[in-house]
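Listed below are the residues making up each chain.
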Amino acid sequence: MKKTATFILISAWILFSRAYDAYCTHNLTPDLSKESNPLVAVLGMNWTPLLVTIGLLTFYSLYCYFLVIFKPISLIPSKKEYSFSNFVAYLYLGKKESWPAIFYKFPKDIHRFNRYFGLMMSKFLVYAGIVSTVMWLLINYTEWYKNVHSAAVIYSVLIIGCAFIFYFWNKKMYQDYLKV
């Protein structure tokens, strides 16, 4: 039951916060002229491809999160000689590499990729949902925030926060790996 409740609560938050973000974006800029999402600002997407892209990525993330919760596989190496850098890369790639390899290599096993993606994206989307919801509440219900709000600040908060989530989750996993 705990797994089911966790999955439902996390999924509901992700879906709610993504929907609330889209709703508030539409209210502020129905033509997307003020939107700073790179899919709009760089690629020039309008509402339909934007919502389809974000929807597909969100539902894929939730599917992968479902696999993590209900059909888990171990991503941890069986050998005990891994440094933190090697361990971080192994979690993602399934082989001994240095951690920067996660930026330019892909795992050969789709099952590993799905579980890793589900683990990380669920955490990132929960965090992004908190940031975007607080941002929209401040935009909609305060005057002072409108003067300090900027895309650069929001993206900095998102990137730095996700980097911290990534680091501390990997650090915890590594500490657990060393204990066994």
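Along each chain, the written sequence defines residue order, and numbers are assigned to residues from 1. Reporting in this predicted model follows two pLDDT cut-offs: at least 70 for local features of residues, and 80 or more for side-chain atom pairs to be given and counted; totals over whole chains, interfaces and linings ignore these cut-offs and use all residues. The side-chain quantities take in all heavy atoms of the structure and omit both hydrogens and water.

*Asks:* Any details on the packing of aromatic side chains? Residues and values, ideally.
*Replies:* Two aromatic rings, drawn from Phe, Tyr or Trp (for Trp, its six-membered ring), form a pair once their centres lie within 6.5 Å of each other, and the interplanar angle then sorts them: stacked below 30 degrees, edge-to-face above 60, tilted otherwise. The tally for this structure, following the rule as stated, stands at 22 aromatic pairs. Judged by centre distance (5.1 Å) and plane angle (40 degrees), the ring pair of Tyr60 and Phe117 falls under tilted. Placement of the pair is Tyr60 in helix α3 (residues 47–70) and Phe117 in helix α5 (residues 110–141), with a sequence separation of 57 residues. Throughout this description, buried means an accessible area under 20% of the type-specific maximum (1.4 Å probe, protein chains only), exposed means over 50%, and partly exposed covers the range between. The class for Tyr60 is partly exposed, based on a relative accessible area of 27%. Each ring, one from Phe84 and one from Tyr174, has its centre 5.4 Å from the other, and the planes form 65 degrees; the classification is edge-to-face. Of the two residues, Phe84 sits in helix α4 (residues 84–93) while Tyr174 sits in helix α7 (residues 151–179), which places them 90 residues apart along the sequence. Strands here mean DSSP runs of E at least two residues long; helices mean DSSP runs of H or I at least four residues long; both are numbered from the N terminus.

*Asks:* Give me α4: which residues, what numbers.
*Replies:* Of all 10 residues in α4, 9 are buried; the element is thus mostly enclosed. Here α4 has its buried residues at Ser85, Asn86, Phe87, Val88, Ala89, Tyr90, Leu91, Tyr92 and Leu93. For α4, the secondary structure elements touched by its buried residues are α5 and α7. Remark: Gly94 follows α4 within two positions and exhibits a positive phi of approximately 80 degrees. Any two residues whose heavy atoms approach within 4.5 Å at even a single point are treated as in contact.

*Asks:* Residue-level account of the layout of surface pockets, with values.
*Replies:* Both cavities and pockets are sets of points on a 1 Å grid over the protein atoms alone; in a cavity a 1.4 Å probe fits but cannot get out, in a pocket the set is open with protein on both sides within 12 Å along at least five of seven lines, and lining residues sit with an atom within 4 Å of a point. Grid points are joined across faces, edges and corners, and a volume is the space filled by probe spheres set on the points. Counted as a void, the second largest pocket has a volume near 360 Å³. Tyr65, Val68, Ile69, Leu119 and Lys123 are, among the 18 residues lining the second largest pocket, the residues nearest its centre. Elements represented by at least two residues in the lining of the second largest pocket include exactly α1 (2–28), α3, α5 and α7. Looking at the lining of the second largest pocket element by element, the count peaks at 5 residues for α5. In the lining of the second largest pocket, the residues fall into 12 nonpolar, 2 polar and 4 charged. In this count, Pro and Cys sit with the nonpolar residues alongside Ala, Val, Leu, Ile, Met, Phe, Trp and Tyr, while Asp, Glu, Lys and Arg are called charged and the others, Gly among them, polar.

*Asks:* Hey, could you go over the pattern of salt bridges for me, with residue numbers and the actual values?
*Replies:* For this document, the term salt bridge refers to a Lys or Arg side-chain nitrogen within 4 Å of an Asp or Glu carboxyl oxygen. In total, this model carries 5 salt bridges according to the counting rule given. The partner of Lys95 in a salt bridge is Glu97, and the shortest N-O contact between them spans 3.8 Å. Glu97 gets classed as buried once you look at its relative accessible area, which sits at 17%. The partner of Glu97 in a salt bridge is Lys105, with the nearest N and O atoms 2.8 Å apart. Here the salt bridges share partners, and the residues they tie into one network are Lys95, Glu97 and Lys105.

*Asks:* Lay out the nonpolar core with the relevant residues and their values.
*Replies:* With 25 residues, the main nonpolar core has Phe87, Leu91, Tyr116, Phe166 and Trp169 as its most contacted residues. Sorting the residues of this core by element identifies α3, α4, α5 and α7 as the ones contributing at least two each. Looking at this core element by element, the count peaks at 7 residues for α4. Buried residues of nine kinds, namely Ala, Val, Leu, Ile, Met, Phe, Trp, Tyr and Cys, make up a nonpolar core once their side-chain atoms join them within 4.5 Å. The next biggest cluster of nonpolar side chains, apart from the first, holds 10 residues, and it includes Cys24, Ala128, Trp136 and Tyr145.

*Asks:* I'd like a rundown of the side chain of Ser17, residues and numbers included.
*Replies:* The topology assignment puts Ser17 in helix α1. As used in this structure description, the phrase polar contact means that two N or O atoms lie within 3.5 Å; if the pair is within protein, one of them must be able to donate a hydrogen and the other to accept it, and residues adjacent in sequence are counted only when both atoms belong to side chains. In terms of polar contacts, Ser17 uses its side chain to reach the backbone carbonyl oxygen of Ile14, at 3.2 Å. Contact partners of Ser17, with chain neighbours within four places excluded, come to Leu125, Gly129, Ser132 and Thr133.

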